[in-house]
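Letter by letter, the chains look like this.
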Amino acid sequence: MDWGQILTQIFSQGFGTQAVVFALAGIGLNIHFGYTGLLNFGQVGFMAAGAYGVGMAVFWLEWNFWFGILLGIAYCLGLALLLGVPTLRLRADYLGITTIAASEAIRLFVRWRGNRERTGASEGINDFADPFYANNIFTRPGSQSYKFLFFEYRADDLWVMLIGWTVVALCVLVTWQLMRSPWGRVLKAIREDEDAVRALGKNALSYKLQALALGGVIGGLGGMLQVIDKQSVQPDTFNPVITFMIWTVIIVGGVGRVWSPVIGAIIFWALISGLEVFLRELLQTGAGDEFEQFLNLNVSNVSQVKFMAFGLGLMLLMRFRPQGIFGSREEMALDDR
Amino acid sequence: MTGNEPTNEIVLGVTAGGGGAAGAEMEHDNPVAGLFDDIEGTPGVAKPDPILVAKGVRRSFGGLVAVDVDYLEVQRGAITALIGPNGAGKTTFFNLLTGFDKADTGHVELNGDSIDGVASYKLASRGMVRTFQLTKALSKLSVLENMKLGAKDQGGESMAKALITPLWRRRENEVEEQARGLLDRFNLTHMSDEFAGTLSGGQRKLVEMARALMTDPELVMLDEPMAGVNPALTQSLLGHVKQLRAEKRTVIFVEHDMDVVRDISDWVVVMAEGRIIAEGTPESIGKNQAVVDAYLGSSHDSALDFSDDDTPSEASDA
Amino acid sequence: MNESDPQRCGGDNKLNRLTKLIAALAILGFAILGLAPQSLAQDDGQSMFGTLTYENEEGEKVPAEGVRIFSEGIGEAVSDADGAWSIPVPGAGSFPLEIDTSTLPDGVNLKNADRAVLDVLVEAGQEKRALFGLLFGEAGSTAELTQGEGVSGRRIAQLSVEGLKQGLYLAMAAIGLSLIFGTTGLVNFAHAELVTWGMLSTFLFNAYGFAGFIGFLAPLPPPFGGGVNLIFAAIFGMICGGLMGYLLDRTIFRNLRRSGTSLIAQMVITIGMSILMRYVFVYNFGGSPRSFKDFSAQTAWSIGPVDITPKDFTAMALSIVILIMVGLLLQLTRMGKAMRAVADNRDLAESSGIDVQKVISVVWIAGGSLAALGGVFFGLDQIKWDFGFRILLLIFAAVTLGGLGTAYGALVGALIVGLVINLSTIWIDVELKNMIALLVMVLILMFRPQGILGRAERIG
């Protein structure tokens, strides 16, 4: 058992590109659910909108990559409008079902063969983000990988992480400022009771739409970062399971807290990748042969165990610590929804 | 009505002891005292200066007609009670008046302007504010934040301005001052930093009323303001409602408790099965045969004692 | 399967009991299915495979031998005497797959000339079936009307039957979801996993008997050590479904209701449960699609303008009978009335002496077994670990269309969904048909949020 390798994985993944992506998507979802109470089960749809904005700008429109980011943001805003105007009047559970349906509709639409010229259909869009990496300050001749303590990253990942965590910091700052302002107060009031807010003269629908758009755009930035990191936009990577992972991330951190998505994302990825590498090490060293045989564990199904742990973890978390790691039980008890 | 008025005030002065400063203020005059003496108590009767007029308002759910009001005027500056047995359509009518539900047919005018199809949130800026039967205290906001939410003209409630603190800080300070003033009046200062979810039912009613006043309304619509409030707090709440009238605001409220209705209302509107079956002063309404029938015909179990010697002091003891 | 059994049993003995117990408890899912025959879970890397057949002039199904199939840069294969071919692929991903039409037997063409190149998405460890539709004669004169072009009476009739079929099966799954929502307010995201569960347990029993669940029974005669007829297996699957429903409610949701967990928190818990169950399934059954031992290949009957296989016909007839029975039970029996009373007003029902917890248990059992049976019917076409999840949104669409909480609404909604997605293929690409269902659902929710049969709600 190579504990050094396991720790390296835990630390590297905990702060790695996936964690950045989920932190961003989580900040967006936290604005939706944590502050405004919108039961958005389609956050991955916003990620897809951002990702395809960049991808399609380069692949289909042959624009400059950097303008693609603007197109991605425009897509997210468009999606928020398209989704929000008709559905934000709905009850919470209906909204949840509608948003998950919308995110699936997006996935089915972009992977449709009729869209091959625009979205690359099921093949997706590849190698579109070269301008992003052209500015990489970590590139150096010879070694392409950096290692310090338990962290180990490729130069390209480091560059994605630098930009990514900077964007995360900015988004956290914006969220913090907005949520202590009167605007944020209205959102929180809507989360508690929309009718009361309307009776007091606030256009609740407009506020919900603004929250949906803001959280959607931040989620879209996450989606962009994900496809830039992979240099590939694949329709099937934007499936509902991703949305549920983002939910887990914000619940881990504590819903409705500014830092929760960031901390949640770090913990989530550290645990998930830690578990996987631990099991792989276990298989390699043969330390638990009987155990493995008993459970039919092998190299090809290790990643399934990861998902089982994720599902079970979400259940247990929601049952026994719904306020997350840093939330307060008392505050949660006030929740009468 | 005028004959009863002094009794009311004396009694309130005593029983609202828990209300403290609020109780003392209660001894203001009734600005509309005597106004209703000459008005005949028939459904749809015209008032000298109506603030709210409803014409032919009808709402049905499936086959059930929940509200069918031919004509109603609500007098400015008075306290109007809306009573009726369970299922009479009071709350639905309230929802229709406040834009929370849409009438199938009919018109509603506020200050002479039509408010048909006007979104509920726009009515606050026109001077109309409402509370709810099931109190809507915003549980995970502090009492002070609950209050601040009611404020008008807070530029910081726009997303762009919210980003830059100096653009809203000054107004925020004003709002906070106003909010603390109201909390003081409603004896809630000691709770201002608590989560509203930790308050008792009566305190929530107070917060909701105080929050409504943050919008500086002309017309306050209270849906069962006394429901679930303990008797000690009832008198304090009644005092606050009268205080609204003293401030020249109009109050419409839905209520079940006839003693409360007799105590504070200037005019009573009775609904049954969606229709307005009677209107009149509190004194006259108890003698109205249609009203008695409507109540006895239903399974409603609230006290319907209209004996002539029924005084408010007994009511508060009951 | 049999070869691997003694070996694993040996492994079992070496573990002491306590370790085994802890291991079993620690990973919930393994405890349920961890003893499934090892061979079920083995995946030999990933590949694309398929069988090329066509109907000759006499209407007999014959294999197409010697046809070259290739994937640019990945590999190629030539179909054997049974028409079978297989191309291993290096990893998960999307691969272009092309059929060399010049190698097709004389007179045989592609049903759809545009489909000479396919995009095949292979998941990790998956054997992915790829289909090239072949026919004898010119394209367009095909009996496979659902794949055809243009609007004709026959095509509409055929698609309507397909839609009806899918709608009926969906209804089986949707009614349980709707009833659970009605009685407890819970939107159960794991309901589709009950569909998969019914499908998979039926398959195991159909193929391996009880040994499919408890490996060491393998040497015994059927039904312990060998497969049984699908009809018995389906009944067994229904029992499994009801049992699972009961256990989920008893062990998880009853406690959540007692502890006053909010409905949204419960909903998130069902999401976790859905993921857990799904990956327990794939862990134990593997990623490849499978089919039942009986009735897998049938020639279609022609009834009027419509072609339908006997198994589909039977399943449809059965589901109509069962749905009518469910309706009658809801309408006439004490329990049915109690269910509707609880759905209408739980507190009132409780205070009038109805045992609400018992009613909810029965709803879960009925919902679970109906979903399982729906799974069996769907499984006549394909059995796969994530089948339920793939139709989850269609179930939701059905339930919301009809109005959450009403059993009849779910039935009507399911039929509409089935018909809409199938008939939409007359005008719209097949790939988009599920998207159409989702869009229709969103539209209905916009204009009639209470659903078609739901009642408008009062505010206040």
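Procedures and definitions
Residues numbered from 1 in each chain as written. Chains lettered and ligands numbered in written order. Predicted model: local features only at pLDDT ≥ 70, side-chain atom pairs only at ≥ 80, totals over all residues. Heavy atoms only, no water. Helix = DSSP H or I, 4+ residues; strand = E, 2+ residues; numbered from the N terminus. Buried < 20%, exposed > 50% of the residue type's maximum accessible area, 1.4 Å probe, protein only. Contact = heavy atoms within 4.5 Å. Areas by Shrake-Rupley, 256 points an atom, 1.4 Å probe, with all protein chains shown as cover. Salt bridge = Lys/Arg side-chain N within 4 Å of Asp/Glu carboxyl O. Polar contact = N/O pair within 3.5 Å; in protein donor to acceptor, adjacent residues only side chain to side chain. Buried area = accessible area lost by both parts, 1.4 Å probe. Nonpolar A, V, L, I, M, F, W, Y, C, P; charged D, E, K, R; others polar. Disulfide = S-S within 2.5 Å. Pairing = 2+ DSSP bridges. Axes fitted to C-alpha atoms, helices over the stretch in contact; angles between N-to-C directions. Parallel < 35°, antiparallel > 145°, perpendicular 65-115°, else oblique. Left-handed = near helix turned anticlockwise from the far one by under 90°. Arc of directions from axis to C-beta. Expected span 1.5 Å × (residues − 1). pLDDT = per-residue confidence, 0-100. Patch = residues over 30% accessible without salt bridge, like charges linked within 9 Å, V, L, I, M, F, W, Y side chains within 5 Å. Lys, Arg positive; Asp, Glu negative; His and termini not counted. Charge placed at Lys NZ, Arg CZ, Asp CG, Glu CD. Core = buried A, V, L, I, M, F, W, Y, C linked by side-chain atoms within 4.5 Å.

Regarding the overall build of chain C
Working step 1: Each helix and strand in chain C was counted, giving 14 helices and 13 strands.
Working step 2: In chain C, which comprises 460 residues, the proportion classed as buried is 53%.
Working step 3: For chain C, long-range pairs separated by at least 24 residues make up 69% of all intrachain contacts whose partners lie at least 6 apart in sequence.
Working step 4: Accessible surface, chain C: about 19,700 Å² in total, of which carbon and sulfur atoms supply 61%.

What to know about the interface of chain C and chain A
One frequently used descriptor of interface size is the decrease in accessible area upon assembly of the parts.
Working step 1: With 61 residues of chain C at the interface, the matching set in chain A holds 50 residues.
Working step 2: Between Glu-431 of chain C and Arg-113 of chain A there is a salt bridge, with its nearest N and O atoms 3.8 Å apart.
Working step 3: Linking chain C with chain A are three residue pairs in polar contact (both at pLDDT 80 or more), by the criterion used here.
Working step 4: Residue assignment for the side of chain C that touches chain A shows that the elements contributing at least two residues are α1 (4-14), α2 (17-26), β9 (117-122), α6 (230-258), α7 (263-285), α12 (387-402) and α14 (433-447) of chain C.
Working step 5: With 16 residues, the top contributor of residues to the side of chain C that touches chain A is α7 of chain C.

Concerning the side chain of Thr-309 of chain C
Working step 1: Looking at the element boundaries, Thr-309 of chain C is found in the loop between β13 (306-308) and α8 (310-332).
Working step 2: Contact partners of Thr-309 of chain C, with chain neighbours within four places excluded, come to Gln-298, Thr-299, Ala-300 and Trp-301 of chain C.

As for the interface of chain B and chain A
Working step 1: Taken residue by residue, the interface counts 36 residues in chain B and 31 residues in chain A.
Working step 2: Of the roughly 3,000 Å² buried where chain B meets chain A, counting both sides, 63% is carbon and sulfur surface.
Working step 3: The largest share of the area that chain B buries against chain A comes from Tyr-121, Lys-140 and Met-159 of chain B, three residues that together contribute 25% of it.
Working step 4: Of the charged contacts in the structure, one is a salt bridge between Glu-157 of chain B and Lys-202 of chain A, with a shortest N-O distance of 3.1 Å.
Working step 5: Counting across the interface, chain B meets chain A through 15 residue pairs in polar contact (both at pLDDT 80 or more).
Working step 6: Elements with a minimum of two residues in the side of chain B that touches chain A: α4 (120-123), β6 (128-130), α5 (143-149), α6 (159-162), α7 (166-185) and α8 (201-213) of chain B.
Working step 7: Counted by class, the side of chain B that touches chain A contains 16 nonpolar, eleven polar and nine charged residues.

What about the pattern of salt bridges?
Working step 1: Within the structure shown, the criterion is met by 43 salt bridges over all chains.
Working step 2: In this structure, Arg-154 of chain A and Asp-157 of chain A form a salt bridge, with 3.1 Å as the shortest nitrogen-oxygen distance.
Working step 3: In this structure Arg-154 of chain A comes out as partly exposed when scored by relative accessible area, which is 44%.
Working step 4: In the salt-bridge network here, residues are joined through shared partners; they are Arg-185 of chain A together with Lys-148, Glu-172, Glu-176 and Arg-180 of chain B.

Overview of the state of the cysteines
All names here are of chain A.
Working step 1: Going through the model one piece at a time under the given rule, you end up with zero disulfides over all chains.
Working step 2: Counting only cysteine sulfurs, Cys-171 is the nearest neighbor of Cys-76, a cysteine outside any disulfide, at a range of 12 Å.
Working step 3: On the accessibility criterion, Cys-76 (0% relative accessible area) is buried.

A word on the pairing of strand β2 (residues 145-148) of chain A
Working step 1: Note: β2 of chain A against strand β3 (residues 151-154) of chain A, four bridges, orientation antiparallel. Bridging from a neighbouring strand, Ser-145 of chain A pairs with Arg-154 of chain A of β3 of chain A.

Quick look at the packing of helix α4 (residues 153-184) of chain C against α8 of chain C
All names here are of chain C.
Working step 1: Direction vectors running N to C along α4 and α8 enclose 40°, while the axes themselves pass 10 Å from each other. The orientation of α4 with respect to α8, classified from their angle, is oblique. In this structure, α4 meets α8 at a crossing whose hand is left-handed. For the pair α4 and α8, the contacting residues are Val-161, Leu-164, Lys-165, Leu-168, Tyr-169, Ala-171, Met-172 and Ile-175 in the first and Asp-312, Ala-315, Met-316, Ser-319, Ile-320, Ile-322, Leu-323 and Val-326 in the second.
Working step 2: Grouping the amino acids of the contact of α4 with α8 by side-chain chemistry returns 13 nonpolar, one polar and two charged.

Here's the deal with helix α9 (residues 334-344) of chain C
Residues and elements named next belong to chain C.
Working step 1: For α9, the complete set of buried residues consists of Gly-336, Ala-338, Met-339 and Val-342. End-on, the buried residues of α9 take up no more than an arc of 160°, which puts them together on one face. In α9, the exposed positions that point more than 90 degrees away from the buried face belong to Arg-334 and Asp-344.
Working step 2: Buried positions along α9 lie against α4, α8, α10 (346-351) and α11 (356-379).

Some thoughts on the pairing of strand β7 (residues 219-223) of chain B
Residues and elements named next belong to chain B.
Working step 1: Judged by how many residues are buried, β7 sits mostly within the fold: five of five residues are covered.
Working step 2: Along β7, one buried face is formed by Leu-219, Met-221 and Asp-223 and the opposite face, lined by Val-220 and Leu-222, is buried too.
Working step 3: Across three bridges, β6 lies against β7 in parallel orientation. Paired with Met-128 across the two strands is Leu-219, which belongs to β7.

A word on the environment of Ser-160 of chain C
All names here are of chain C.
Working step 1: Here Ser-160 shows up in helix α4.
Working step 2: Taking relative accessible area as the criterion, Ser-160 reaches 23% and is therefore assigned partly exposed.
Working step 3: Here the alpha-carbon distance between Ser-160 and Leu-97, two residues 63 residues apart in the chain, equals 31 Å.
Working step 4: The residues touching Ser-160, leaving out its near neighbours within four places in the chain, are Leu-419 and Leu-423.

A closer look at helix α5 (residues 92-110) of chain A
Working step 1: In a regular helix each residue adds 1.5 Å, so 19 residues correspond to 27 Å; α5 of chain A covers 27 Å between its end C-alpha atoms and thus fits that length.
Working step 2: α5 of chain A sits mainly inside the fold: 16 of its 19 residues count as buried.

Side note on the confidence of the model for chain C
All names here are of chain C.
Working step 1: Per-residue confidence for chain C averages 79 on the pLDDT scale, and 81% of its residues sit at or above 70.
Working step 2: Ranking the helices and strands of chain C by mean pLDDT puts α11 first, with 94, and α1 last, with 39.
Working step 3: The low-confidence segment residues 1-44 (pLDDT under 50) makes 71 contacts with residues lying over four places distant or belonging to another chain.
Working step 4: With pLDDT under 50 throughout, residues 140-148 is counted as low confidence; its partners more than four residues away or in other chains account for 14 contacts.
Working step 5: Among the scores for the predicted complex, ipTM is 0.91 and pTM is 0.82.

Points about the sheet that holds β7 of chain B
All names here are of chain B.
Working step 1: The strand order across the open sheet formed by six strands is β6-β7-β8-β3-β9-β10, and the pairing between neighbours is mixed. Each edge of the open sheet carries a strand with a single partner, namely β6 and β10 (275-280). With strand direction ignored, the average angle separating the axes of adjacent strands in the sheet is 15°.
Working step 2: Against the sheet, helix α9 (residues 231-246) touches β3 (79-83), β7 and β8 (250-254), its axis set at about 130° to β3.

Some words on the sheet that holds strand β5 (residues 75-78) of chain C
Residue and element names in this part refer to chain C.
Working step 1: What the four strands build is an open sheet, ordered β5-β4-β7-β9; its pairing is antiparallel. Edge positions in the sheet fall to β5 and β9, since each of these pairs with one other strand and no more. Strand after strand, the sheet turns through a mean of 25° between neighbouring axes, direction not considered.
Working step 2: As judged from the four bridges shared by strand β4 (residues 68-71) and β5, these two strands associate in the antiparallel manner. What sits directly across from Arg-68, in β5, is Val-78.

So, a positive patch on the surface
All names here are of chain C.
Working step 1: Residues Arg-334, Lys-337, Arg-340 and Lys-358 make up a contiguous surface patch of positive charge.
Working step 2: At three residues, α9 tops the list of elements feeding residues into the positive patch.
Working step 3: One can find Arg-334 in helix α9.
Working step 4: Look at Arg-334 and you get exposed, because its relative accessible area is 77%.

Here's the deal with the nonpolar core
Working step 1: Among the nonpolar cores identified, the biggest contains 253 residues, and Phe-189 and Ile-395 of chain C are the most heavily contacted of them.
Working step 2: Per-element accounting of this core gives the leading share, 16 residues, to α7 of chain C.
Working step 3: Non-local contacts of Phe-189 of chain C, meaning those with residues more than four positions away in its chain, are made with Phe-41, Ile-100 and Phe-244 of chain A together with Met-267, Thr-270, Ile-271, Ser-274, Leu-392 and Phe-396 of chain C.
Working step 4: Core analysis: the next-biggest nonpolar cluster, separate from the first, contains 35 residues, Val-45, Leu-96, Leu-110 and Ile-115 of chain B among them.

Comments concerning the confidence of the model for chain B
Residues and elements named next belong to chain B.
Working step 1: When pLDDT is averaged across chain B, the result is 82; 84% of the residues are at 70 or more.
Working step 2: The low-confidence segment residues 1-26 (pLDDT under 50) makes 36 contacts with residues lying over four places distant or belonging to another chain.
Working step 3: Segment residues 299-318 is flagged for pLDDT under 50; beyond a separation of four residues in sequence, or across chains, it makes 23 contacts in the model.

Some points on a nonpolar patch on the surface
Residue and element names in this part refer to chain A.
Working step 1: A surface patch of nonpolar side chains, about 550 Å² in accessible area, is lined by Leu-7, Phe-11, Phe-15, Phe-148, Leu-149 and Phe-150.
Working step 2: Note on placement: Phe-150 falls in the loop between β2 and β3.
Working step 3: On the basis of relative accessibility, which here comes to 33%, the residue Phe-150 falls in the partly exposed class.

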